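Here is what each chain is made of, one letter per residue.
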Amino acid sequence: MAAITPPARSVFETSPEKLRPFLEGLAVRVSGGSNWMVRKKTVCDLLLGLDAFFALPAAERSALMANGGASPDIAVAEGKAEGGPEDFRKVLPLYVGAILEGMRETVIASPEQAAIYLLSIHPEHQAAAEGWMLADPRNGKSVRRLMRTDRRYRQLMDRMADHWRAARSN
């Protein structure tokens, strides 16, 4: 097990007031999973679903929100209703960080958990996952296997590539 240091800068403290209940709701949905295999699937499904929503044309997204098909808080995530998939993908690590922060876990103990923690915007989450992987060679091997074989996780990683490319260029 690897200890998780609480993040120095909270996503909840820096996000708009209207977005906080949405982020807290995501954390509650994920924490309801009975184990990290279920939680990993939930994180991937939620974020891939939001990505698909933002891939729709702006007019369709607005119509869905007006008809109650999607939460208006999703539009707040981008700060504007016309944000597209590229914009949303840039904030995916923020959503992962908010979910994990909302769960308030203290240790990493499984490959599924470590894999999700690696996707967080918080360096403390990433460091805890890396520490767990380095603590035992089998841990690192199991996370790398998951990265290769889990289709949902791989899709989420691919979508986060925009964020990581932008962070490197700054």
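Residues numbered from 1 in each chain as written. Predicted model: local features only at pLDDT ≥ 70, side-chain atom pairs only at ≥ 80, totals over all residues. Heavy atoms only, no water.

(A) Geometry of the nonpolar core. Residues Leu23, Leu47, Tyr95, Ile108, Ile116, Tyr153 and Leu156 are the most contacted members of the largest nonpolar core, which totals 43 residues. Of all the elements in the fold, those that place two or more residues in this core are α1 (11–14), α2 (20–31), α3 (36–55), α7 (92–103), α8 (111–118), α9 (123–135), α10 (137–149) and α11 (151–169). By residue number, the principal contributor to this core is α3, which donates 9 residues. Those residues within four positions of Leu47 in sequence are excluded, and the remaining contacts are Phe88, Leu92, Tyr95, Val96 and Leu156. (Core = buried A, V, L, I, M, F, W, Y, C linked by side-chain atoms within 4.5 Å. Buried < 20%, exposed > 50% of the residue type's maximum accessible area, 1.4 Å probe, protein only. Helix = DSSP H or I, 4+ residues; strand = E, 2+ residues; numbered from the N terminus. Contact = heavy atoms within 4.5 Å.)

(B) Focus on unusual backbone geometry. Although it is not a glycine, Arg104 adopts a positive phi angle of roughly 55 degrees. Its place among the elements puts Arg104 in the loop between α7 and β2 (107–108). Given the relative accessible area of 69%, Arg104 is considered exposed.

(C) Main features of the pattern of salt bridges. Taken as a whole and assessed by the stated rule, the structure comprises 8 salt bridges. For Asp150, the salt bridge is made with Lys40, and the minimal N-O distance between the two is 2.4 Å. Taken together, the residues span a long stretch of sequence, with Asp150 in the loop between α10 and α11 and Lys40 in helix α3 at a distance of 110 residues. Under the relative-accessibility criterion, Lys40 is labelled buried at 8%. Between Lys41 and Asp45 there is a salt bridge whose closest N-O contact spans 2.7 Å. Here Asp45 and Lys41 lie together in helix α3, a separation of 4 residues that amounts to about one turn. Among the residues examined, Asp45 registers a relative accessible area of 31% and is labelled partly exposed. (Salt bridge = Lys/Arg side-chain N within 4 Å of Asp/Glu carboxyl O.)

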